[in-house]
Protein chains: 2
Amino acid sequence: MTQNTAQKTEQTGRESTPHVLTLPLEAAQTDRNPHNYERWLIAKLMRMAGSPPIRFQLWNGDVIDPKDQEIRFALHLKDPKALYSLVANPNLAFGDLYSAGRLDVEGDLPDLMETLYRSVHAARQEWPKWLDALWRNHNPRSTGITEAKENIHHHYDLGNEFYQLWLDQAEMQYTCAYYERPDLTLEQAQLAKLEHVCRKLRLKPGMTVVEAGCGWGGLARYMARHYGVKVHSYNISREQLVYAREQARQQQLDHLVEYVEDDYRNIKGQYDAFVSIGMLEHVGKENYPALSALIKRSLKPDGIALLHSIGRNRPMLMNAWIEKRIFPGAYPPSIGEFMEICEQGDFSVLDVENLRLHYAQTLSHWMDRFTENQDQVSEMYDEHFTRAWRMYLAGSIAAFRTGSLQLFQVVFTHGANNQLPQSRQDLYTTPAAPEQA
Amino acid sequence: MTQNTAQKTEQTGRESTPHVLTLPLEAAQTDRNPHNYERWLIAKLMRMAGSPPIRFQLWNGDVIDPKDQEIRFALHLKDPKALYSLVANPNLAFGDLYSAGRLDVEGDLPDLMETLYRSVHAARQEWPKWLDALWRNHNPRSTGITEAKENIHHHYDLGNEFYQLWLDQAEMQYTCAYYERPDLTLEQAQLAKLEHVCRKLRLKPGMTVVEAGCGWGGLARYMARHYGVKVHSYNISREQLVYAREQARQQQLDHLVEYVEDDYRNIKGQYDAFVSIGMLEHVGKENYPALSALIKRSLKPDGIALLHSIGRNRPMLMNAWIEKRIFPGAYPPSIGEFMEICEQGDFSVLDVENLRLHYAQTLSHWMDRFTENQDQVSEMYDEHFTRAWRMYLAGSIAAFRTGSLQLFQVVFTHGANNQLPQSRQDLYTTPAAPEQA
């Protein structure tokens with residue numbers, strides 16, 4: 001966490017950011033022996049979690065192994081208080097303790113998280129009601145215009161240098177890539193995603209596009225460069241916009257691309273295409289009717305809209321730790337909630353594609369690069385931050401691998417539009433990915 | 001209506017089938033001059049309908065033209081009572097009067113219906129509440145196991161010879177075809193639909209498939225012939241099953257295809273694929289949770305399910321005339337209601353494709369062939385029946401052209417299935433339609 005960001009967070013008076021980051025890095029270690037009831041608690045905890053193949057190593061070196069299981073991972077609990085946090089609120093404490101270095105992991109972190117997710121998910125079906133309440137998840141915080149700025153600032157304004165360390169070198173895409181072939185590089189797959197989206201929008205030279213939430217502006221520049229369209233891209237992350245504008249200027253695309261520092265709710269005008277990649281997660285359910293109305297008035301009669309978002313198979317609250325520490329205000333809609341946005345605007349849904357496993361692969365590529373550069377990340381921020389982000393990336397890989405999260409690309413038009421593509425063949429006539437990138 | 005079917009309907013004691021068919025074909029013609037308030041009523045009616053470019057010709061030869069419009073169609077009202085029926089319940093009476101020959105049309109019937117749909121739809125936005133209530137549509141009747149038999153019998157047991165007059169000669173498909181190219185014949189497009197569905201299910205030789213509602217069994221035979229899979233197909237239309245079994249025997253596919261005369265709710269076993277083409281419209285919203293549970297238990301862990309159904313952009317009641325005269329119990333789900341089926345089963349939606357305009361084209365092809373053979377249809381049934389079916393086909397063309405109806409193909413799997421296709425490229429490597437058919 002940069003000094004600058006930390007101050008901002010104090011000024012807003014919210015405990016949103018770094019509660020975990022204020023825990024002492026060197027946790028209260030004790031050499032005392034664990035009590036018998038502490039061993040009993042751990043055994044109980046592991047049974048609740050479906051008895052995954054995980055060894056528990058306690059602060060004094062003692063180990064507790066699961067019965068009849070080949071052990072694949074080990075968790076080191078560094079102090080007794082860590083144990084009590086874990087028991088009181090496992091969902092939140094697991095990430096916090098790991099971030100603080102009071103819980104350590106032996107074994108591959110994404111694999112461990114996937115194993116835990118599967119095990120807990122299966123075990124939960126059998127939990128009594130009171131225990132399910134313990135696994136408390138968050139209702140996301142508000143995403144009103146003022147709060148949205150804070151929420152977005154918390155995550156996306158961490159610094160472009162930071163994101164450059166581990167995102168693709170091609171277009172700084174911080175959203176799911178499209179691995180039309182499993183052996184694509186991250187760069188190829190991100191460019192393939194941009195191309196796939198452009199094809200779905202059936203862009204033609206001279207068309208106009210509005211983009212809600214543009215990250216570092218890669219899609220807008222890609223559209224301008226490869227399709228000769230005019231793009232208005234809205235974003236409330238100032239850091240991202242600085243980068244986006246500089247790139248457009250350097251690439252001499254600024255006559256086609258305009259980056260607007262404003263909330264998507266203030267989009268003006270009518271366009272041939274409406275596109276939003278990875279913003280819906282931050283919109284909040286209470287704002288879906290307004291988003292739907294916005295798209296309705298922003299899209300020309302024959303226009304095409306595409307929303308790309310993390311989603312769910314059915315409505316679920318956001319993981320508490322992620323909402324609290326990583327993505328304040330985030331809520332991935334279920335496929336039904338997603339369709340409500342379309343129904344409210346009397347839109348006609350043309351195409352839904354689910355790229356769930358593509359996001360698991362994207363995140364694996366990000367995690368590899370993040371790990372390669374983690375010393376540099378720790379220098380920029382601190383060790384807490386690095387560990388929290390490792391947990392976030394690993395947990396996300398696990399969530400997509402286990403189907404707890406989905407990635408939906410939804411294409412729709414006004415209900416009365418008859419200028420529809422004959423089929424989806426045109427998306428697949430040539431590879432979407434460049435041969436090299 | 002065959003004598004046999006008419007009797008059945010009397011036995012069930014429902015007025016479902018042929019109320020319209022009992023109206024006198026030669027309507028009570030009168031030569032009296034229309035009253036001034038009758039002219040006023042017609043003018044009022046046309047304004048309510050958004051002033052479409054339609055001339056009204058009355059029973060005595062008088063005409064009433066819309067103001068400032070180039071007239072494209074004419075409606076002949078044959079008797080004063082027809083006018084009062086139309087005013088009292090336009091939604092239902094329009095089809096009934098046309099069927100009875102008491103309302104006649106000059107101009108292309110599908111074009112007239114499309115024009116009327118668009119005009120009424122636009123005008124409705126301005127209607128007062130009480131007027132909207134006049135346009136009463138139906139809550140569909142029950143689709144319990146007993147009633148479903150009646151509902152299906154009413155429509156699908158009209159006689160195979162009848163459907164052979166105007167469905168494709170390839171596989172007797174009474175569902176939306178897939179025009180991957182706009183110039184395909186009906187036969188090519190229906191075979192392309194079967195192929196497209198098989199590709200979406202990623203069938204491989206030796207797999208097992210269960211089909212809920214199989215019509216004349218064409219998909220099951222196609223799957224067996226081209227993909228070497230074993231298919232169990234459920235249907236409650238006896239007439240269709242007679243044909244389906246005979247075809248499978250003749251084509252020596254009966255070792256791979258088994259047609260089961262039973263309700264889909266009684267499906268047993270677990271399969272690699274679950275498919276249902278054009279049955280969901282008849283399932284009824286109250287049975288979606290049961291359908292969802294059925295698919296959940298019938299699909300192997302790595303299996304793929306596909307539902308193909310007429311749908312809506314948002315929830316709407318069924319057109320009253322269609323529900324009453326043509327498809328008792330029918331209800332096309334909105335895209336959101338469709339997704340509820342997937343959410344209830346914790347399924348992961350992989351792919352949604354909307355083939356709305358393909359259904360308009362399919363229906364146009366059907367209507368052309370129906371019109372060519374209408375004398376024969378009238379001989380088989382009677383003139384009333386032929387006119388009712390013309391109205392149904394024309395109205396359906398209009399509904400798909402104007403976006404009042406959609407056609408969704410939805411592919412989904414169990415939420416934990418990670419054996420997913422890398423992309424949808426494999427659907428498009430070669431044309432789905434045969435070069436000739």
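Our subject is the structure listed above.
Scope of this entry: the structure provided in the associated data block.

Calculation notes
Residues numbered from 1 in each chain as written. Chains lettered and ligands numbered in written order. Predicted model: local features only at pLDDT ≥ 70, side-chain atom pairs only at ≥ 80, totals over all residues. Heavy atoms only, no water. Salt bridge = Lys/Arg side-chain N within 4 Å of Asp/Glu carboxyl O. Helix = DSSP H or I, 4+ residues; strand = E, 2+ residues; numbered from the N terminus. Buried < 20%, exposed > 50% of the residue type's maximum accessible area, 1.4 Å probe, protein only. Contact = heavy atoms within 4.5 Å. Buried area = accessible area lost by both parts, 1.4 Å probe. Pairing = 2+ DSSP bridges. Right-handed = clockwise from strand over helix to strand, strands pointing away. Phe/Tyr/Trp six-rings, centres within 6.5 Å; stacked < 30°, edge-to-face > 60°. Lys NZ or Arg CZ within 6 Å of the ring centre and 35° of its normal.

**Regarding the pattern of salt bridges**
Then, in step 1: For the structure on display, the rule yields 52 salt bridges over all chains.
Then, in step 2: With a shortest N-O distance of 2.9 Å, Asp79 of chain A and Arg102 of chain A are connected by a salt bridge. Taken together, the positions of Asp79 of chain A in the loop between β3 (73–77) and α4 (80–88) and Arg102 of chain A in the loop between α5 (90–99) and β4 (103–106) put the pair 23 residues apart, joining distant regions of the chain. Here the two residues Asp79 of chain A and Arg102 of chain A agree in accessibility, since each one is buried.
Then, in step 3: Where Glu114 of chain A meets Arg118 of chain A, a salt bridge forms, and the shortest distance between an N and an O atom there is 2.8 Å. Taken together, the residues Glu114 of chain A and Arg118 of chain A, both in helix α6 (residues 109–124) and 4 residues apart, mark about one turn of the helix.
Then, in step 4: According to the relative accessible area criterion, Glu114 of chain A is buried, its value standing at 14%.
Then, in step 5: Through salt bridges that share partners, Lys200, Asp351, Glu353 and Arg424 of chain A together with Lys200, Asp351, Glu353 and Arg424 of chain B make up one connected network.

**Points about the interface of chain A and chain B**
Then, in step 1: Contacts between the two partners involve 44 residues from chain A and, on the opposite side, 44 residues from chain B.
Then, in step 2: Across the chain A/chain B interface, buried area totals approximately 3500 Å², and carbon plus sulfur atoms make up 42% of it.
Then, in step 3: Taken as a group, Glu343, Gln422 and Arg424 of chain A account for 20% of the area that chain A buries against chain B, more than any other trio of residues on that side.
Then, in step 4: Between Asp351 of chain B and Arg424 of chain A there is a salt bridge; the shortest N-O distance is 2.8 Å.

**Some thoughts on the pairing of strand β6 (residues 230–235) of chain B**
Residue and element names in this part refer to chain B.
Then, in step 1: Where strand β5 (residues 208–212) and β6 come together, 5 bridges link them in parallel fashion. Bridging from a neighbouring strand, Thr208 pairs with Lys230 of β6.
Then, in step 2: As defined by bridge partners, β6 adjoins strand β7 (residues 257–261) across 5 bridges and the pair is classed as parallel. If you follow Ser233 over to β7, its bridge partner there is Tyr259.
Then, in step 3: Each parallel crossover has a hand, and the one from β6 via helix α12 (residues 238–250) to β7 is right-handed.

**A word on the packing of aromatic side chains**
Then, in step 1: Across all of its chains, the model carries 49 aromatic pairs over all chains by this definition.
Then, in step 2: Centroid distance Trp166 of chain A to Trp389 of chain A: 5.8 Å. Interplanar angle 65 degrees. Geometry classified as edge-to-face. A residue pair is termed long-range when its members are at least 10 positions apart, and Trp166 of chain A in the loop between α9 (160–164) and α10 (186–200) and Trp389 of chain A in helix α18 (residues 383–401) qualify at 223 residues.
Then, in step 3: Assessed through its relative accessible area of 0%, Trp166 of chain A is described here as buried.
Then, in step 4: A centroid spacing of 6.0 Å and a plane angle of 75 degrees characterise the contact between Trp166 of chain B and Phe370 of chain B, whose relative ring orientation is edge-to-face. Of this pair, Trp166 of chain B sits in the loop between α9 (160–164) and α10 (186–200) while Phe370 of chain B sits in helix α16 (residues 356–372), and the two are 204 residues apart along the sequence. Each of the two residues, Trp166 of chain B as well as Phe370 of chain B, counts as buried.
Then, in step 5: Directly above the aromatic system of Phe347 of chain A lies the positively charged group of Lys296 of chain A, at a separation of 5.9 Å from the ring centroid.
Then, in step 6: It is Arg387 of chain B that lies over the ring of Tyr98 of chain B; its NZ or CZ is 4.2 Å from the centre.

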